[in-house]
Amino acid sequence: MHDDRRRNLLDAWHAAWGNGDVEAFERLLASGYVRHTKTGSEGVESVRSAIESSQKAFPDLRTEILETVEEGAVLALRWQSRGTHTGEFMGVPPTDRMVTVTGASFCRFEGALLAEEWVVWDPRELLSAMNIWALGSRTER
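Residues numbered from 1 in each chain as written. Predicted model: local features only at pLDDT ≥ 70, side-chain atom pairs only at ≥ 80, totals over all residues. Heavy atoms only, no water.

Under the annotation held in an unreviewed UniProt entry, the protein chain carries the name Ester cyclase and is attributed to Streptomonospora wellingtoniae.

Pasting the structure below:
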């Protein structure tokens, strides 16, 4: 069961964050799914929007799962995303820079379905990779 849960999550994660297949991710979600970030809690529509906006801004985006750790109903993922910034993202116009961002997600399951997720990543890492040093300003090197 746990191996199936892990495989299903990794497959859905790659389909959604790597190929923009939001429905693959949504099929894994329990009713009432909640995603927690440093800015608050959000539901399926916010996740859909995040995946879609990421795909538009970084059409070659690829996310690699670097490590997984499972304990009970929680599966933790350490991940790294890479892509070329060719569309507007977080209010930043395209920079055509290759960016790399790392983070972690802690996923709580109810049976085979993902019920709750805590996502940790630093947007400053992304802004730095896009060569944006302060919100609203752009510094060229």
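Draft legend 1. Up close: the sheet that holds strand 2 (residues 40–42). Pairing is mixed in the open sheet, where six strands are placed in the order 2-1-6-5-4-3. Only two strands of the sheet have a single neighbouring strand rather than two, namely strand 2 and strand 3 (62–71). Averaged over all neighbouring strand pairs, the angle between strand axes comes to 20°, with direction disregarded. In this sheet, strand 6 (residues 113–121) lies alongside strand 5 (residues 98–110) in antiparallel orientation, the contact comprising eight bridges. Paired with E110 across the bridge in strand 6 is L113. (Pairing = 2+ DSSP bridges. Helix = DSSP H or I, 4+ residues; strand = E, 2+ residues; numbered from the N terminus. Axes fitted to C-alpha atoms, helices over the stretch in contact; angles between N-to-C directions.)

Draft legend 2. Just a nonpolar patch on the surface, in detail. Residues V74, F106, W118 and V120 make up a contiguous nonpolar surface patch of roughly 320 Å² in combined accessible area. Topologically, V120 is positioned in strand 6. (Patch = residues over 30% accessible without salt bridge, like charges linked within 9 Å, V, L, I, M, F, W, Y side chains within 5 Å. Areas by Shrake-Rupley, 256 points an atom, 1.4 Å probe, with all protein chains shown as cover. Salt bridge = Lys/Arg side-chain N within 4 Å of Asp/Glu carboxyl O.)

Draft legend 3. Focus on the nonpolar core. Grouped together as the largest cluster of nonpolar side chains are 33 residues, with contacts concentrated most on L9, W13, F25, F58, L77, L114 and M130. Those elements that provide at least two residues to this core are helix 1 (2–19), helix 2 (22–26), strand 1 (29–37), helix 3 (44–57), strand 4 (74–84), strand 5, strand 6 and helix 4 (123–129). Contacts of L9, omitting those with residues within four sequence positions, involve F25, L28, L75, L77, C107, F109 and L114. (Core = buried A, V, L, I, M, F, W, Y, C linked by side-chain atoms within 4.5 Å. Buried < 20%, exposed > 50% of the residue type's maximum accessible area, 1.4 Å probe, protein only. Contact = heavy atoms within 4.5 Å.)

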